[in-house]
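If you want the building blocks of each chain, they are given just below.
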Amino acid sequence: MEEGARLSPEVERLDHVPPLGGGATGLLTKNDGLEDPESRVEAPPRGAKGRADSGDRGPRSAQKAGADQREQAAAQGHIQASWLRKELSRLDKLRADQELFIQKTREELHACCQRMDAIAKQQEHVAAEAAAEREANNTAAAGRLQAVSRRLCTELQDERDLQSKIRAVLRESESALWHIEIQEGQLEAARTCALEEAEAAWRRRQVQAAERLRKEADAQGRAERNRLLRTRHALRLRKEHGLRHQKLQEDARKSHRTAVQFLKASLGRVREQEREQELQAREHLRRRMDAVLALKNSIAANRETLRKFQAWGQAKAVLAEQKAQAEKQAILAQGGDAFKRLLHQHRRQELEAQSRAFEEQQKLRKQEIVSRILKEAAEEDRKGRPRSPPKAAARPALRDRTWDYLADLSEGRAPAAPCCPVSQPRVRLPSRKGAVAPGPGLSGLVEGVSSGSFHGDPRGAGQEDKTLAEPEIPGLWNEDYELHQVPEEGVDRKPVGGTKMDKDILARTMARLRSGVTHKQVVSGREFKGCPFNSKPKVIHFKDFDVGKVYKKKMTLTNATYTINYCRLEGVDEHLRDFIHIDFDPPGPMSAGMSCEVLVTFKPMINRDLEGSISFRAQTGRFAVPLKCSIKQCSLSLDKELIDFGSYVVGETASRSVTLTNTGGLGTRFRVLPASESCEIDISPSVLKLSSIFTDEDKFCEKGTSSVWEQQLEVMSSQWDVLSQKEPDQGRPREEDEGRPAESEGVAAITFSNGEQGEISLGDVTEGEIGPFSSVKVPITFSPVTPGAVQAKFKVMFKNRQCPTLHFEVIGVAIDVPVWVPKPDVDLKICMYDRLYQDSILVHTRSKAALRLKFEVCKELRGHMELLPETGYIQALSSFSVQLKFLPRHSLPEDAGQYFDKESRVLEAPMVIRVADQIRPVEFTVHAIVTTSDLELSPSEVDFGYCTVYEAVRAPISLYNHSLLPQEFGFVGLPKCVDIQPNDGFGTILPLETLEFDLIFQPTRAKAYSFELVCKSEINRRFKLTCRAVGVQPPLQLSHHQVKFAATSLYDTSVATLYVTNPHPGANSRTHPAPGAGSGDARPTGPTSFEFLLPPGSPITISPSVGTVLPGKRCLVQVAFRPVLSSELIRQHAIQALTKDGEIKLLRKDTATPRRDLRRQSLAVQRGQYRDRLFRASTSLALELQKQDLKFRWAPRRLPRSYEYEVARAALTRSFQGQFDKFVVPCVVASGDVQDRKGSEPLSFSPHNTLYLELWCPAVAPSIIVTSDKGKTVSNFGEVAVGHRGIKKVSIQNITSEDLAMDFSVLNPNGPFVLLNPISRLPAGETHVLVLSFSPRESMLAQETLDIITKRGTLSLTLMGTGVASMITCSIQGDVLHMGYVIARESVSSTFQLQNNSSLPIKFSMRLDSLSSTRHEDRQQLPRFLTSATQRTDVVGTQNHSGQSVFSVVPVEGILDPGAVQDFTVTFSPDHESLYFSDRLQVVLFEKKVSQQILLKGAAREHMMFVEGGDPLDVPVESLTGIPAWDPERREGEPQPGPTSPEAEEPKPILVTLDHLQLDADTPAPPATRELQVGCIRTTQLSPKKTVEFSLDSVAALQHKGFTLDPPRGTVERGQTKTISISWVPPADFDPDRPLLVSALLQLRGDVKETYKVFFIAQVLTGP
């Protein structure tokens, strides 16, 4: 009832609605109750309009007045249309509200009637109970029931009153609704007109859109044409670039050849330098070793001296202690205070030590000051004078000068003035006017010390002299240096830097010299411009430095030029030289991209910003690196200048913060205050400031730096002046404004005046200290009190006067509504049917009392939407959350009515929150787009038909999404025989999208298939698709069902291989599936035939195309693809070309007739002749064409083909554009053998067992063709000898219209074929000749394929050749030629033969290993006697001492004809005695192949006898210590110098080991035997004896031991040898555990006597 009462004023307003008969004009002029005050539009007064018209009528014309009236009428029409639209929307809203109110009222009336019925029933029940109680005489219960009855009567009466009121309100509401409907009926015409205007506007927009689309299409066409033009231009530029690049490559090759020559020369010089450096390094190492030894001796001597000094010091300390004790005893004996006396003495000694230390320190400071003065003077002198000091080598080092001075001073001599021509004239000491001047020695020492401090190298004078001796400009020190003499006082001298004219001349000279140093750098025609070196970092910045500290930074310089460059340091700016030191070692020549490091050291002396640069000089010019030094300073900023709190309810409190950031290295004090308040600062000079200044002064005095002290004094004076100037200026405003005198304390005083605290105030942090590199957050609080906008400004001031004041502004808006919803529009986005969606709605209140809230949902949507709870209480100054649940049903479009748009599927549901004691309800709207989740599969049923188990059948299906939301889907539970692509049937489908899928079915066995495919969506909805198929098991199967040929050129062939298999060896279906279709009976197995049915005219060849496969077997099938041009096409092209040529010849013949003959003839004669000539020409041309046609028809069958046919085929090949064909070749299968059929009886092929072979055949035009040898691609080199080389040339031509980049396949690196001139690019239409070589290394039949690969295709060249081996035989057996024994310095020769057994001439050459080029490298390895026998690979033994080869062979080289024999002579010529002369002779064929290796051996003796045999006792290398001095002038036959007496010679040992093998004790074993050879050398020297006698002594003793020697003595003739046989049988007393050792002397007598001691070692072995 309260709601009805609150709506009554609105209903009353509807009673005063005026009639709308007057039309829209009447609506505009009347002020009725239903009109919205905000949308009311009032027309201007007519009087005013008339006055305006009358005022303007005079100067205006009638036509302009009419135009104005039309414009006013149009404007009036627009205003009326706008008002009508607003009025219609207002009426619709009022109608909706009234209908909602009527519905709620009827519901309330219905509820009231139900309550009345319930009360009536309850009364009847109470009356019955009261009657029962009265009958039971229960008075109390009866009274209670009567009271209940009275209460029920009262409630019933109240309900009746309520019912009457509700009905009255309902009647009023229905009346108001009728009035609204009447008004809508009156405005229906206006509504229709508005809709028509909207439709017309929509059509106009469509026309405009079509026009824009047409213009955009035109613009796109123009853009496409421009793009094509740009593409053509780019292609032309690319071609020009290619030509330029080719030219550059040729130039680069020429430059490379030149560079190789220079490189070889440079490498030679480098190797020579390396050898010199190695020698120098060895010499340096030797000197260092000597120095180390000397240092070691010096250290030992110093240790001894140090021990002496330590002993002396200890003794001195003991004496001092004894002396102190004696003094103490003496004082005590006199009755004095010994402790006080000693204390005073100790303090006096300390004071004297301090005084001496102070004096030393003062001296050092003076020396430092003098050194700085000398440094500045030397610097000025170096800059001002072009002459340089003499070389540093003539001046002694600082240490030497100091020691000389001390030595002279100690000996009493006058110390000599040190030689320091640079520093001496610059030292000016105050020796006159009463100042004490040091002597010459001290002056020299001071100069030396200052010079040393100037150079700053305490390690010695070498680096100092080097630094001083290096001139700034080379060549300035060539003249002799003249010592500068100090001029007298009265002589007029020139200025220090010379006169102005001298300075100008010097500047011009230096500029000219330096300009000559700079060179331009030009590489490949491009001159380098810009900075030659890039520095990293770009700027060297020392930030926030402290005075007195040292800072270092590294800088990297990178060569940015095109080639080698140099870099040299020139220095820093003049004002930075006292603070900046550069450490830079010039790296010498630097290649492009190389870098070097520079160390920059900064030692600040003053607290001031410095800027400058570091200058360098490069080969291409000067460059500089900026340098910057920044002191500590404040850098303050705010993160924001405007803080917007937004809208807040009165009574709420919000807080924000502003961040004050200091990015500088100096801190300061700050304070935040409103902009209206004043901040006055009074700063006067303080004692603290002065004390800090004086402290700095003391520090700088300690450092002894006069220049820095003067600068500090200047800074102090400037600061004092500034402070003194600020003092009176700051005192006056405070005295005038505040009326009080300025404070005179010595500290800074800051005074602030705070205003009243407003709605926007500062937080807890308003002032404080902000440190370096830190930040402080200042809170700002907004507490609105009254509704409206609030604004405040603040400022941040700092104690540091260099920091500017910062300002920021704060704004906010305060509103006053008791209950409100922050989000009046709740957007649920897109929702699906039968899905639950929830959201939380937050309600706020600013009321200070609790309020009752009731949440209402419109009647139409109560079955789909719900607000929980329906009623609630919101506490004071708090919030309340209500839950929104939305579950759309499929009946939503019918239930929602006007709130749901069926076309756009948009739902706009109004929600109402009714608040107690609040007239206006709180409204909010819920927006949602409701869509379905259906997916549609099309078609709904798929029938695959018959399908073999070896193939897959594809069926297309589509999936359509009816939803406005993307949905994830997937086909789940697929059978193994089904596959869905793409993405295996999974994915996401977009709104209203259709996706196409391929349903692939491949049966696994022969049966009938029937199944359903299920597609599930992400909300678990299922959509089914029914499928049917019949699986077939064919008797045969193919190994491949699809063959993809590579792109094949015309007249080329690509071959693929596959197998036809019969996988059914028997009728056992358990091991192999039986052939059959569906679920029927299996067919019998056995021989099965197949046949490939090729399409007619296809370029496919299958071999065999027909065959039979036995059970369990397979048949190889080759598929060849050879694209060719059809003969009919070639014939037609040839005929067309021939026809065209005939017409041209006929026309030429006709035009050749003289014109004057034609003029003489009459017109009739000319026409007749012309007809006759044309008839004869046409007849002859027709006959010729018939002949050519017959010739072309038979041309493909004849070889060689006609010229015209080949021309036509070549033309078509060149113009071939390429094609792609796909062939599906069926392979029909039948039971039985092909050979068993009778005659031409066909086999019974089943259509269901047919196999299919898919062939992809791409054909392309050949990009490169062979033009040589009639286009053949096979090059046969024939027979070529091994080691020889055959050459073939093949011409190829690029027949395309573009340049082709060419690659060649890699031939076998170890094979005989080599491509000698590969190219990387073949221009269009050009021909290139490829040179191929065939060099067989062995007898072989070689064949390889060379592929010429381009991006347009591949041309294969087949290379064939036969290698014929070169076979020779040698007459030496065993490949070892032993020259025997020879007298030293004599020679012996031997011959052998080589025969050529091949059919080709052979070129040979003889090589000795001792003369090999690698002999020197092999001899650098370990000697052979240090390695094991298995590791010895060197066959070159002892050689002659003279350097000549001990072996020689003739002839050295030549040619062996087929079947010829060549004799070779080997000569052995030793020059000293040795048993190990050896060498290896190699027979090399064609200077490459080693055919034979012959080992040459020989031995040489000084005398005519020799002994061979026995075990080796020495290494096969002679010792270097035993080489006698060889005299080449000594005559043969002369005896060697030295003793020749046998007694003086020691017997030479010979070891003979005999092993007696005793396998069985019962069976006697054969004796152990060895042999010794005694020989006599044939010689040409004259000798008294022609034979050699030998004899063995102790033969009886040897026989006693079991030895037998045969013969024990004998004679050997010249050139002969005799064998001494040695056998041994163990004697009876032989101990098998101990080997037997005996010896005997063997004497040889020839030209001299030699004695050998033969050691016999015998032992018994029981096993091999």
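Residues numbered from 1 in each chain as written. Predicted model: local features only at pLDDT ≥ 70, side-chain atom pairs only at ≥ 80, totals over all residues. Heavy atoms only, no water.

A separate point is the overall build of the chain. If you tally the helices and strands in the chain, you get 20 helices and 79 strands. Put simply, the chain has 1664 residues, and 32% of those count as buried. The long-range fraction of contacts in the chain, counting pairs at least 24 apart against all pairs at least 6 apart in sequence, stands at 72%. Summing over all exposed atoms, the chain offers an accessible surface of approximately 103000 Å²; the carbon and sulfur share of this is 52%. (Helix = DSSP H or I, 4+ residues; strand = E, 2+ residues; numbered from the N terminus. Buried < 20%, exposed > 50% of the residue type's maximum accessible area, 1.4 Å probe, protein only. Contact = heavy atoms within 4.5 Å. Areas by Shrake-Rupley, 256 points an atom, 1.4 Å probe, with all protein chains shown as cover.)

With that settled, the discussion passes to the sheet that holds strand β5 (residues 551-559). Across the sheet, which stays open at both edges, the four strands sit in the order β3-β5-β8-β7 with antiparallel pairing between neighbours. Every other strand in the sheet has two partners, leaving β3 (533-536) and β7 (580-583) as the edge strands with one partner each. In this sheet, adjacent strand axes meet at a mean angle of 25° when their direction is disregarded. As judged from the four bridges shared by β3 and β5, these two strands associate in the antiparallel manner. Paired with K536 across the bridge in β5 is T556. (Pairing = 2+ DSSP bridges. Axes fitted to C-alpha atoms, helices over the stretch in contact; angles between N-to-C directions.)

The side-chain alternation of strand β76 (residues 1609-1612) yields one buried face, formed by G1610 and V1612, and one unburied face, formed by R1609 and T1611. Alignment of strand β74 (residues 1588-1592) against β76, held across four bridges, turns out to be antiparallel. Across the sheet, V1588 pairs through a bridge with V1612, a residue of β76.

A separate point is the sheet that holds strand β54 (residues 1286-1294). Two pairing modes exist for strands in a sheet, parallel and antiparallel, and in both the strands are linked by backbone hydrogen bonds. Here four strands make up an open sheet; going across it, the order is β52-β54-β59-β57 and the pairing antiparallel. Edge strands, defined here as strands with exactly one partner in the open sheet, are β52 (1264-1266) and β57 (1313-1315). For this sheet the average axis-to-axis angle between neighbouring strands, irrespective of direction, equals 35°.

Across all of its chains, the model carries 42 salt bridges by this definition. A salt bridge links R1480 to D1409; the nearest nitrogen and oxygen atoms lie 2.6 Å apart. Of the two residues, R1480 is situated in strand β69 (residues 1474-1485) and D1409 in the loop between β65 (1402-1408) and α19 (1415-1418); the sequence distance between them amounts to 71 residues. Overall, the relative accessible area of 14% leaves D1409 in the buried class. Shared partners join several salt bridges into a network, and the residues in it are R95, E99, E181 and E184. (Salt bridge = Lys/Arg side-chain N within 4 Å of Asp/Glu carboxyl O.)

Here we take up the confidence of the model for the chain. Scored by pLDDT, the chain has a mean of 76; 74% of the residues are at 70 or more. Contacts for the low-pLDDT stretch residues 409-470, under 50 throughout, to residues beyond four places or in other chains number 78 contacts. Long-range and interchain partners of residues 479-494, a stretch whose pLDDT sits below 50, account for 16 contacts in this model, where long-range means more than four residues apart. (pLDDT = per-residue confidence, 0-100.)

Here we come to the packing of aromatic side chains. Pairs of aromatic rings are described using the distance from one ring centre to the other and the angle between the two planes. All told, the structure shown has 28 aromatic pairs when counted by the stated rule. Both rings, one in F1392 and one in F1464, keep their centres 5.4 Å apart while their planes meet at 20°; by these two values the pair is stacked. Highlighted residues: F1392 in strand β64 (residues 1388-1396) and F1464 in strand β68 (residues 1461-1468), separated in sequence by 72 residues. Comparing F1392 with F1464, the two get one shared label, buried. Between the aromatic rings of F1603 and F1656, the centroid separation amounts to 5.4 Å while the plane-to-plane angle is 45°, which identifies the pairing as tilted. Of the two residues, F1603 is situated in strand β75 (residues 1603-1606) and F1656 in strand β79 (residues 1649-1661); the sequence distance between them amounts to 53 residues. Residues F1603 and F1656 agree in their burial class; the two are buried. For the cation-ring pair, K553 lies above F542, with the distance from its terminal atom to the ring centre recorded as 5.5 Å. Positioned over the ring face of Y1059 is R1114, at 3.9 Å from the centre of the ring. (Phe/Tyr/Trp six-rings, centres within 6.5 Å; stacked < 30°, edge-to-face > 60°. Lys NZ or Arg CZ within 6 Å of the ring centre and 35° of its normal.)

Within the secondary structure, L1495 sits in strand β70 (residues 1489-1501). Using a relative accessible area of 22% as the deciding quantity, one classes L1495 as partly exposed. For L1495 and V1435, which are 60 residues apart along the polypeptide, the C-alpha to C-alpha distance reads 7.9 Å. Residue contacts for L1495: discarding those within four places in its chain leaves D1375, V1376, L1377, V1435 and D1479.

It is worth spelling out a negative patch on the surface at this point. On the surface, a cluster of negative charge is made up of D825, D901, E903 and E908. Take E908: it is sitting in strand β30 (residues 906-915). Overall, the relative accessible area of 42% leaves E908 in the partly exposed class. (Patch = residues over 30% accessible without salt bridge, like charges linked within 9 Å, V, L, I, M, F, W, Y side chains within 5 Å. Lys, Arg positive; Asp, Glu negative; His and termini not counted. Charge placed at Lys NZ, Arg CZ, Asp CG, Glu CD.)

This part is about the pairing of β68. Strand direction decides the pairing type here: β64 and β68, joined by eight bridges, are antiparallel. Residue pairing across strands places F1392 opposite F1464, the latter belonging to β68. Summarising the sheet, strand β66 (residues 1447-1450) and β68 pair through four bridges and their orientation is antiparallel. Residue pairing across strands places V1449 opposite V1466, the latter belonging to β68.

This next bit is on the state of the cysteines. Using the criterion set out here, one finds zero disulfides in the structure. Between C567, a free cysteine, and C596, which holds the nearest cysteine sulfur, the sulfur-to-sulfur gap is 5.4 Å. In this model C977 remains outside any disulfide bridge; the closest cysteine sulfur is found in C1027, 9.3 Å from its own. Residue classification places C977 among the buried positions, given a relative accessible area of 8%. (Disulfide = S-S within 2.5 Å.)

This paragraph deals with unusual backbone geometry. A cis amide bond, omega 5°, links K536 with the succeeding residue P537. In this structure, P939 follows S938 across a cis peptide bond, with omega equal to -5°. By secondary structure assignment, the location of P939 is in the loop between β32 (935-938) and β33 (941-948). You will see that D834, though not glycine, has its phi angle at about 60°, which is positive. Look at D984: it is not a glycine, yet its phi comes out positive at around 60°. Checked against the element boundaries, D984 lands in the loop between β36 (978-981) and β37 (986-989). Judged by relative accessible area, D984 falls into the partly exposed class, the value being 43%.

This next bit is on helix α6 (residues 188-334). The end-to-end C-alpha distance of α6, which contains 147 residues, comes to just 144 Å, noticeably less than the 219 Å that a straight helix rising 1.5 Å per residue would cover. Inspection of α6 places A190, A201 and I331 among the buried residues, and these make up the whole buried set. Just past α6, the residue G335 takes up positive phi, approximately 90°. (Expected span 1.5 Å × (residues − 1).)

Further remarks concern the environment of T1362. Structurally, the position occupied by T1362 is in strand β61 (residues 1353-1364). Sequence spacing of T1362 and G1278 is 84 residues, and the spatial spacing of their C-alpha atoms is 5.8 Å. With residues near it in sequence (within four places) discarded, T1362 still touches G1278, E1279, V1280, F1334, M1340 and L1341.

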